[in-house]
Amino acid sequence: MSKDHVSNFERSWRPETQGDDSYIKIKFCNRGKEESIKTAWNEVLDELATQTKVIAETGPAYVPQVDFADLQKLTPAEIDKIKRIGSVIVRNVIDDDEVVGYKESLKEYVKANPHVAGFPPNNKQFFEMYWSKAQLQARSHPNLLALNTFLNNLYQADDDSVVDLNQPLSYADRFRIRNPSKIPWGAHGPHILIDPDVQEQALSDGKIQSCAPHLRTSLMAIGVNMIPTRSQDVFEVIRISMVVRTSRILTQSSVFRTWQGWLSMSDTGPGEGTLRVFPDVLLSTAYLVLRPFFRPVDKTLEGDAFLDKSNWVFDISDGSFQGIQALDDGFDGQRLTDEEHPHLRLDSAIVSMPRVKPGDMAFWHCGELTLIPACVSRET
(Lines give C-alpha, C1' and ligand atoms only; values in the text may rest on other atoms or scores of the structure.)
Protein backbone atom coordinates (compact mmCIF):
# COMPACT_ATOMS: atom_id res chain seq x y z
CA MET A 1 0.00 0.00 0.00
CA SER A 2 1.49 3.34 -0.97
CA LYS A 3 2.16 6.09 1.54
CA ASP A 4 -0.10 8.46 -0.41
CA HIS A 5 -2.93 5.95 -0.29
CA VAL A 6 -2.56 5.61 3.46
CA SER A 7 -2.57 9.39 3.92
CA ASN A 8 -5.68 9.79 1.78
CA PHE A 9 -7.41 7.02 3.72
CA GLU A 10 -6.58 8.65 7.02
CA ARG A 11 -7.71 12.09 5.91
CA SER A 12 -11.04 10.76 4.65
CA TRP A 13 -11.82 8.73 7.77
CA ARG A 14 -14.54 9.92 10.11
CA PRO A 15 -15.35 7.93 13.29
CA GLU A 16 -19.09 8.35 12.85
CA THR A 17 -19.14 7.04 9.29
CA GLN A 18 -16.29 4.55 8.96
CA GLY A 19 -17.29 1.00 8.11
CA ASP A 20 -14.03 -0.94 8.27
CA ASP A 21 -11.73 -1.10 11.27
CA SER A 22 -8.70 -1.63 9.06
CA TYR A 23 -8.27 2.14 9.35
CA ILE A 24 -6.88 1.56 12.86
CA LYS A 25 -3.99 -0.51 11.57
CA ILE A 26 -3.41 1.87 8.68
CA LYS A 27 -3.24 4.85 11.03
CA PHE A 28 -0.58 3.11 13.09
CA CYS A 29 1.59 2.36 10.06
CA ASN A 30 1.17 5.88 8.79
CA ARG A 31 2.81 7.09 11.99
CA GLY A 32 5.82 4.84 11.51
CA LYS A 33 5.07 2.59 14.46
CA GLU A 34 5.59 -0.77 12.81
CA GLU A 35 8.97 -1.49 14.41
CA SER A 36 7.78 -0.30 17.81
CA ILE A 37 4.71 -2.55 17.58
CA LYS A 38 6.92 -5.52 16.68
CA THR A 39 9.18 -4.81 19.66
CA ALA A 40 6.21 -4.51 22.02
CA TRP A 41 4.71 -7.75 20.66
CA ASN A 42 7.92 -9.67 21.28
CA GLU A 43 8.17 -8.29 24.82
CA VAL A 44 4.59 -9.26 25.57
CA LEU A 45 5.04 -12.78 24.19
CA ASP A 46 8.18 -13.27 26.31
CA GLU A 47 6.37 -12.16 29.44
CA LEU A 48 3.28 -14.24 28.67
CA ALA A 49 5.41 -17.35 28.28
CA THR A 50 6.68 -16.84 31.83
CA GLN A 51 3.63 -15.40 33.60
CA THR A 52 1.08 -17.90 32.31
CA LYS A 53 3.15 -20.73 33.77
CA VAL A 54 3.41 -18.95 37.13
CA ILE A 55 -0.35 -18.31 37.15
CA ALA A 56 -1.13 -21.95 36.33
CA GLU A 57 1.19 -23.22 39.06
CA THR A 58 -0.13 -20.79 41.70
CA GLY A 59 -3.85 -21.17 40.96
CA PRO A 60 -6.50 -19.18 42.87
CA ALA A 61 -3.92 -17.90 45.38
CA TYR A 62 -2.58 -15.68 42.60
CA VAL A 63 -5.60 -13.38 43.10
CA PRO A 64 -5.02 -10.79 45.87
CA GLN A 65 -7.10 -11.01 49.03
CA VAL A 66 -7.60 -8.29 51.62
CA ASP A 67 -9.86 -7.77 54.62
CA PHE A 68 -12.23 -4.82 54.36
CA ALA A 69 -10.88 -3.45 57.66
CA ASP A 70 -7.35 -3.39 56.19
CA LEU A 71 -8.03 -1.47 52.98
CA GLN A 72 -6.48 1.73 54.25
CA LYS A 73 -3.40 -0.19 55.40
CA LEU A 74 -2.50 -1.46 51.94
CA THR A 75 0.99 -0.48 50.84
CA PRO A 76 1.65 1.11 47.44
CA ALA A 77 3.18 -2.21 46.33
CA GLU A 78 0.04 -4.12 47.36
CA ILE A 79 -2.17 -1.65 45.52
CA ASP A 80 0.03 -1.92 42.43
CA LYS A 81 -0.37 -5.70 42.59
CA ILE A 82 -4.16 -5.42 42.66
CA LYS A 83 -4.04 -3.09 39.67
CA ARG A 84 -1.65 -5.32 37.74
CA ILE A 85 -3.74 -8.44 38.36
CA GLY A 86 -7.04 -6.63 37.88
CA SER A 87 -9.07 -8.66 40.38
CA VAL A 88 -9.33 -8.89 44.16
CA ILE A 89 -11.26 -10.63 46.94
CA VAL A 90 -12.30 -8.31 49.78
CA ARG A 91 -13.18 -10.18 52.96
CA ASN A 92 -15.85 -9.33 55.55
CA VAL A 93 -17.44 -6.41 53.76
CA ILE A 94 -20.84 -7.10 55.33
CA ASP A 95 -21.59 -9.17 58.44
CA ASP A 96 -22.15 -12.88 57.68
CA ASP A 97 -25.52 -13.11 59.42
CA GLU A 98 -26.83 -10.04 57.62
CA VAL A 99 -25.87 -11.45 54.22
CA VAL A 100 -27.37 -14.86 54.99
CA GLY A 101 -30.54 -12.94 55.85
CA TYR A 102 -30.46 -11.34 52.40
CA LYS A 103 -30.29 -14.77 50.79
CA GLU A 104 -33.12 -16.22 52.85
CA SER A 105 -35.28 -13.18 52.10
CA LEU A 106 -34.68 -13.62 48.36
CA LYS A 107 -35.41 -17.34 48.47
CA GLU A 108 -38.66 -16.74 50.34
CA TYR A 109 -39.72 -14.08 47.84
CA VAL A 110 -39.19 -16.21 44.74
CA LYS A 111 -40.91 -19.15 46.44
CA ALA A 112 -43.94 -16.98 47.15
CA ASN A 113 -43.82 -15.45 43.66
CA PRO A 114 -43.10 -18.27 41.20
CA HIS A 115 -43.92 -15.97 38.28
CA VAL A 116 -40.65 -14.06 38.78
CA ALA A 117 -38.65 -14.20 35.56
CA GLY A 118 -35.50 -16.29 35.57
CA PHE A 119 -33.61 -19.08 33.86
CA PRO A 120 -33.39 -21.88 33.14
CA PRO A 121 -37.20 -21.71 32.97
CA ASN A 122 -37.84 -25.11 34.54
CA ASN A 123 -35.33 -24.64 37.37
CA LYS A 124 -34.78 -20.93 37.91
CA GLN A 125 -31.40 -19.96 39.32
CA PHE A 126 -30.65 -16.60 37.68
CA PHE A 127 -33.46 -14.28 38.71
CA GLU A 128 -34.48 -11.18 36.77
CA MET A 129 -35.01 -9.19 39.94
CA TYR A 130 -33.24 -5.90 40.48
CA TRP A 131 -34.99 -3.88 43.18
CA SER A 132 -35.91 -6.25 46.02
CA LYS A 133 -35.49 -5.09 49.61
CA ALA A 134 -32.48 -7.36 50.15
CA GLN A 135 -30.74 -6.11 47.02
CA LEU A 136 -31.32 -2.48 47.97
CA GLN A 137 -30.02 -3.12 51.47
CA ALA A 138 -26.86 -4.67 50.11
CA ARG A 139 -26.20 -1.93 47.53
CA SER A 140 -26.73 0.85 50.06
CA HIS A 141 -24.69 -0.73 52.85
CA PRO A 142 -22.13 1.85 54.08
CA ASN A 143 -19.26 -0.64 53.84
CA LEU A 144 -20.10 -1.55 50.27
CA LEU A 145 -20.30 2.11 49.24
CA ALA A 146 -16.98 2.83 50.97
CA LEU A 147 -15.40 -0.14 49.19
CA ASN A 148 -16.74 1.01 45.82
CA THR A 149 -15.24 4.45 46.39
CA PHE A 150 -11.89 2.96 47.38
CA LEU A 151 -11.74 0.79 44.25
CA ASN A 152 -12.94 3.61 42.00
CA ASN A 153 -10.01 5.68 43.18
CA LEU A 154 -7.55 3.11 41.91
CA TYR A 155 -8.35 4.74 38.58
CA GLN A 156 -6.78 8.04 37.57
CA ALA A 157 -8.80 10.89 36.13
CA ASP A 158 -7.73 14.39 35.12
CA ASP A 159 -8.86 17.28 37.29
CA ASP A 160 -11.18 18.47 34.52
CA SER A 161 -12.64 14.99 33.89
CA VAL A 162 -16.42 14.55 33.91
CA VAL A 163 -15.89 11.44 36.05
CA ASP A 164 -16.27 11.72 39.82
CA LEU A 165 -14.53 8.70 41.34
CA ASN A 166 -15.75 9.61 44.83
CA GLN A 167 -19.44 9.15 44.04
CA PRO A 168 -20.28 5.46 43.53
CA LEU A 169 -23.39 4.75 41.51
CA SER A 170 -25.88 2.10 42.56
CA TYR A 171 -25.53 -0.49 39.82
CA ALA A 172 -28.66 -2.64 39.60
CA ASP A 173 -28.14 -6.27 38.64
CA ARG A 174 -29.74 -9.67 39.11
CA PHE A 175 -29.02 -12.24 41.77
CA ARG A 176 -28.04 -15.86 41.38
CA ILE A 177 -28.59 -18.97 43.48
CA ARG A 178 -27.17 -21.88 41.48
CA ASN A 179 -28.25 -25.41 42.31
CA PRO A 180 -25.98 -28.48 42.14
CA SER A 181 -25.93 -29.83 38.60
CA LYS A 182 -23.73 -31.96 36.37
CA ILE A 183 -25.63 -30.73 33.34
CA PRO A 184 -23.77 -27.79 31.77
CA TRP A 185 -25.81 -24.63 31.39
CA GLY A 186 -25.39 -20.89 31.78
CA ALA A 187 -21.68 -21.03 31.02
CA HIS A 188 -19.77 -18.14 29.52
CA GLY A 189 -16.46 -19.08 27.97
CA PRO A 190 -13.46 -16.75 28.12
CA HIS A 191 -14.84 -13.28 27.48
CA ILE A 192 -14.63 -9.58 28.26
CA LEU A 193 -17.90 -7.70 28.68
CA ILE A 194 -18.61 -4.71 26.49
CA ASP A 195 -18.69 -1.13 27.73
CA PRO A 196 -19.53 2.20 26.09
CA ASP A 197 -16.72 2.71 23.62
CA VAL A 198 -17.22 -0.50 21.67
CA GLN A 199 -18.00 -0.31 17.99
CA GLU A 200 -18.69 -3.42 16.01
CA GLN A 201 -19.62 -3.67 12.36
CA ALA A 202 -19.82 -6.26 9.60
CA LEU A 203 -18.89 -6.01 5.96
CA SER A 204 -21.21 -7.17 3.22
CA ASP A 205 -19.46 -10.54 3.05
CA GLY A 206 -20.29 -11.13 6.71
CA LYS A 207 -16.73 -10.92 7.97
CA ILE A 208 -16.73 -9.09 11.26
CA GLN A 209 -14.38 -6.12 11.42
CA SER A 210 -14.50 -4.90 14.97
CA CYS A 211 -12.80 -4.04 18.17
CA ALA A 212 -13.60 -4.69 21.83
CA PRO A 213 -13.85 -1.64 24.09
CA HIS A 214 -10.43 -1.64 25.69
CA LEU A 215 -8.88 -2.53 22.33
CA ARG A 216 -10.38 0.43 20.51
CA THR A 217 -9.71 2.76 23.43
CA SER A 218 -6.13 1.65 23.80
CA LEU A 219 -5.44 1.72 20.07
CA MET A 220 -6.88 5.17 19.57
CA ALA A 221 -5.07 6.54 22.62
CA ILE A 222 -1.69 4.99 21.93
CA GLY A 223 -2.01 5.79 18.25
CA VAL A 224 -1.62 9.43 19.20
CA ASN A 225 0.48 9.31 22.34
CA MET A 226 2.53 6.16 22.75
CA ILE A 227 3.44 2.66 21.67
CA PRO A 228 1.23 -0.22 22.92
CA THR A 229 3.29 -1.95 25.58
CA ARG A 230 2.84 -3.79 28.82
CA SER A 231 3.49 -0.50 30.65
CA GLN A 232 0.14 0.83 29.46
CA ASP A 233 -2.10 2.02 32.30
CA VAL A 234 -5.46 0.28 32.11
CA PHE A 235 -6.67 2.32 35.08
CA GLU A 236 -6.51 5.65 33.29
CA VAL A 237 -9.93 7.14 32.61
CA ILE A 238 -9.69 7.80 28.87
CA ARG A 239 -12.84 6.16 27.55
CA ILE A 240 -15.36 8.88 28.29
CA SER A 241 -14.58 10.82 25.10
CA MET A 242 -15.05 7.80 22.83
CA VAL A 243 -17.90 7.67 20.32
CA VAL A 244 -20.68 5.48 21.70
CA ARG A 245 -22.58 3.24 19.33
CA THR A 246 -25.77 1.88 20.87
CA SER A 247 -27.21 0.06 17.89
CA ARG A 248 -26.75 -3.64 17.17
CA ILE A 249 -24.41 -4.23 20.13
CA LEU A 250 -26.57 -6.54 22.15
CA THR A 251 -24.57 -6.68 25.39
CA GLN A 252 -23.24 -3.14 25.55
CA SER A 253 -23.35 -1.06 28.69
CA SER A 254 -24.16 2.61 28.24
CA VAL A 255 -22.40 3.54 31.48
CA PHE A 256 -18.68 3.84 32.12
CA ARG A 257 -17.83 1.18 34.69
CA THR A 258 -14.66 0.89 36.72
CA TRP A 259 -15.12 -2.57 38.24
CA GLN A 260 -17.54 -5.45 38.10
CA GLY A 261 -18.21 -7.46 41.21
CA TRP A 262 -20.56 -9.51 43.34
CA LEU A 263 -21.39 -10.06 46.98
CA SER A 264 -21.16 -13.66 48.10
CA MET A 265 -24.20 -14.99 49.98
CA SER A 266 -22.74 -18.48 50.48
CA ASP A 267 -19.54 -20.41 51.10
CA THR A 268 -18.24 -21.27 47.65
CA GLY A 269 -14.95 -21.79 45.90
CA PRO A 270 -13.05 -23.32 43.00
CA GLY A 271 -14.97 -26.03 41.15
CA GLU A 272 -18.30 -24.87 42.53
CA GLY A 273 -19.36 -22.53 39.75
CA THR A 274 -17.58 -19.41 40.91
CA LEU A 275 -15.96 -16.92 38.56
CA ARG A 276 -12.62 -17.62 36.90
CA VAL A 277 -10.23 -14.92 35.67
CA PHE A 278 -7.01 -14.39 33.75
CA PRO A 279 -5.25 -12.59 36.62
CA ASP A 280 -3.11 -10.09 34.74
CA VAL A 281 -5.26 -7.40 33.18
CA LEU A 282 -2.25 -5.35 32.10
CA LEU A 283 -0.59 -8.19 30.22
CA SER A 284 -3.77 -9.58 28.67
CA THR A 285 -4.83 -6.11 27.51
CA ALA A 286 -1.44 -5.48 25.92
CA TYR A 287 -1.71 -8.82 24.12
CA LEU A 288 -5.25 -8.15 22.89
CA VAL A 289 -4.29 -4.69 21.67
CA LEU A 290 -1.36 -6.08 19.68
CA ARG A 291 -2.83 -9.40 18.52
CA PRO A 292 -4.71 -8.02 15.46
CA PHE A 293 -1.41 -6.86 13.95
CA PHE A 294 0.11 -10.34 13.75
CA ARG A 295 -0.59 -13.72 12.18
CA PRO A 296 1.17 -17.11 12.43
CA VAL A 297 3.56 -18.01 9.63
CA ASP A 298 3.15 -21.78 9.95
CA LYS A 299 -0.21 -22.90 11.35
CA THR A 300 0.85 -26.56 11.31
CA LEU A 301 3.35 -26.12 14.13
CA GLU A 302 2.30 -27.18 17.62
CA GLY A 303 3.03 -26.25 21.21
CA ASP A 304 5.87 -23.85 21.97
CA ALA A 305 7.04 -23.93 18.35
CA PHE A 306 3.71 -22.48 17.21
CA LEU A 307 3.71 -19.86 19.96
CA ASP A 308 7.33 -18.81 19.48
CA LYS A 309 7.65 -15.20 18.36
CA SER A 310 9.66 -16.31 15.33
CA ASN A 311 6.48 -17.91 13.98
CA TRP A 312 4.48 -14.67 14.06
CA VAL A 313 4.70 -11.93 11.46
CA PHE A 314 3.38 -8.38 11.32
CA ASP A 315 0.37 -8.18 8.99
CA ILE A 316 -2.21 -5.42 8.43
CA SER A 317 -3.72 -6.78 5.24
CA ASP A 318 -7.23 -6.87 6.72
CA GLY A 319 -9.20 -5.07 9.40
CA SER A 320 -10.28 -8.03 11.46
CA PHE A 321 -10.12 -8.13 15.25
CA GLN A 322 -10.09 -11.60 16.72
CA GLY A 323 -12.84 -12.53 19.14
CA ILE A 324 -15.85 -10.58 17.86
CA GLN A 325 -18.73 -12.83 16.86
CA ALA A 326 -22.08 -12.40 15.14
CA LEU A 327 -25.01 -12.72 17.53
CA ASP A 328 -28.62 -12.60 16.37
CA ASP A 329 -29.06 -9.16 14.78
CA GLY A 330 -25.88 -7.70 16.21
CA PHE A 331 -22.49 -8.66 17.54
CA ASP A 332 -20.96 -10.06 20.67
CA GLY A 333 -17.43 -9.82 22.00
CA GLN A 334 -14.79 -10.00 23.10
CA ARG A 335 -14.93 -13.85 23.05
CA LEU A 336 -11.53 -15.43 23.35
CA THR A 337 -10.45 -18.84 22.07
CA ASP A 338 -7.29 -20.93 22.04
CA GLU A 339 -7.29 -20.71 18.27
CA GLU A 340 -7.34 -16.92 18.07
CA HIS A 341 -5.51 -16.08 21.32
CA PRO A 342 -3.12 -19.00 21.83
CA HIS A 343 -0.46 -17.16 23.84
CA LEU A 344 -2.89 -16.59 26.74
CA ARG A 345 -2.96 -20.36 27.36
CA LEU A 346 -6.62 -20.18 28.30
CA ASP A 347 -6.81 -23.81 29.37
CA SER A 348 -4.37 -23.34 32.24
CA ALA A 349 -3.92 -19.63 32.97
CA ILE A 350 -7.55 -18.82 33.76
CA VAL A 351 -7.91 -19.55 37.48
CA SER A 352 -10.83 -19.64 39.89
CA MET A 353 -11.40 -16.85 42.33
CA PRO A 354 -10.36 -17.93 45.86
CA ARG A 355 -12.98 -19.43 48.17
CA VAL A 356 -15.42 -16.86 49.54
CA LYS A 357 -17.84 -16.82 52.46
CA PRO A 358 -21.03 -14.82 53.05
CA GLY A 359 -20.13 -11.15 53.23
CA ASP A 360 -17.03 -11.41 51.06
CA MET A 361 -16.92 -9.63 47.69
CA ALA A 362 -15.16 -10.38 44.42
CA PHE A 363 -14.18 -7.57 42.06
CA TRP A 364 -12.54 -7.48 38.66
CA HIS A 365 -11.53 -4.75 36.23
CA CYS A 366 -14.00 -4.34 33.36
CA GLY A 367 -11.23 -5.23 30.95
CA GLU A 368 -10.40 -8.44 32.80
CA LEU A 369 -10.73 -11.71 30.93
CA THR A 370 -13.28 -13.87 32.78
CA LEU A 371 -15.05 -17.22 32.49
CA ILE A 372 -18.16 -18.65 34.16
CA PRO A 373 -18.11 -22.46 34.58
CA ALA A 374 -21.00 -24.55 33.29
CA CYS A 375 -21.50 -26.94 36.23
CA VAL A 376 -21.62 -26.59 40.00
CA SER A 377 -21.23 -29.24 42.69
CA ARG A 378 -23.49 -27.64 45.32
CA GLU A 379 -25.77 -24.64 45.92
CA THR A 380 -23.90 -21.36 45.53
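First things first, this report covers the structure right here in the doc. Predicted, not measured: the structure shown is a model, and the values here were computed from it.

### A closer look at the environment of Gln51
Link 1 in the chain: For Gln51, the location among the structural elements is in helix H3 (residues 34-58).
Link 2 in the chain: Judged by relative accessible area, which is 19%, Gln51 ranks as buried.
Link 3 in the chain: Sequence separation of Gln51 and Leu344 is 293 residues, and the distance between their C-alpha atoms is 9.5 Å.
Link 4 in the chain: Contacts of Gln51, omitting those with residues within four sequence positions, involve Tyr62, Asp280 and Leu283.
Link 5 in the chain: Engagement of the side chain of Gln51 in a polar contact is seen with the side chain of Tyr62, the distance being 3.0 Å.

### Digging into the packing of aromatic side chains
Link 1 in the chain: What the rule picks out here adds up to ten aromatic pairs.
Link 2 in the chain: Ring centres of Phe127 and Phe175 lie 4.9 Å apart, and the angle between their planes is 15°; on these two criteria the pair is classed as stacked. Placement of the pair is Phe127 in strand E4 (residues 126-127) and Phe175 in strand E5 (residues 175-176), with a sequence separation of 48 residues. The exposure classification of Phe127 matches that of Phe175, with both residues buried.
Link 3 in the chain: Measuring from centroid to centroid gives 6.2 Å for Phe293 and Phe314, while their planes differ by 20°, and the two rings are stacked. Placement of Phe293 in the loop between helix H9 (281-290) and strand E11 (294-296) and of Phe314 in strand E12 (residues 312-314) is noted, with a sequence separation of 21 residues between them.
Link 4 in the chain: For Phe293, a relative accessible area of 0% gives the class buried.
Link 5 in the chain: Connected via pairs of aromatic rings, a cluster forms that spans Trp41, Tyr287, Phe293, Phe294, Phe306, Trp312 and Phe314.

### Considerations on the pairing of strand E16 (residues 361-365)
Link 1 in the chain: Along E16, five of the five residues are buried, which leaves the element largely enclosed by surrounding structure.
Link 2 in the chain: Every second residue of E16 is oriented toward a common face, with Met361, Phe363 and His365 on one face and Ala362 and Trp364 on the other, all of them buried.
Link 3 in the chain: Sheet topology note: the strand E2 (residues 87-91)/E16 ladder contains four bridges and is antiparallel. When the bridges of E16 are listed, Val88 appears paired with Phe363.

### Quick look at H9
Link 1 in the chain: For H9, the tally of buried residues reaches ten of ten residues, placing the bulk of the element in the interior.
Link 2 in the chain: Every buried residue belonging to H9 is among Val281, Leu282, Leu283, Ser284, Thr285, Ala286, Tyr287, Leu288, Val289 and Leu290, and all of these are buried.

### Remarks on the pairing of E2
Link 1 in the chain: Taken across its five residues, E2 has five buried, putting it largely inside the fold.
Link 2 in the chain: Burial of the side chains of E2 extends over both faces: Ser87, Ile89 and Arg91 are buried on one face and Val88 and Val90 on the other.
Link 3 in the chain: One ladder, built from three bridges, connects strand E1 (residues 65-67) with E2; its direction is parallel. Its bridge partner being in E2, Val66 is matched across the sheet by Val90.

### Some points on unusual backbone geometry
Link 1 in the chain: Here Phe119 and Pro120 are connected by a cis peptide whose omega angle stands at -5°.
Link 2 in the chain: Phi is positive for Asn92, close to 55°, though the residue is something other than glycine.
Link 3 in the chain: Within the secondary structure layout, Asn92 lies in the loop between E2 and helix H5 (96-112).
Link 4 in the chain: At Arg345, a residue that is not glycine, the phi angle is positive and equals roughly 50°.

About the thresholds
Residues numbered from 1 in each chain as written. Predicted model: local features only at pLDDT ≥ 70, side-chain atom pairs only at ≥ 80, totals over all residues. Heavy atoms only, no water. Helix = DSSP H or I, 4+ residues; strand = E, 2+ residues; numbered from the N terminus. Buried < 20%, exposed > 50% of the residue type's maximum accessible area, 1.4 Å probe, protein only. Contact = heavy atoms within 4.5 Å. Polar contact = N/O pair within 3.5 Å; in protein donor to acceptor, adjacent residues only side chain to side chain. Phe/Tyr/Trp six-rings, centres within 6.5 Å; stacked < 30°, edge-to-face > 60°. Pairing = 2+ DSSP bridges.

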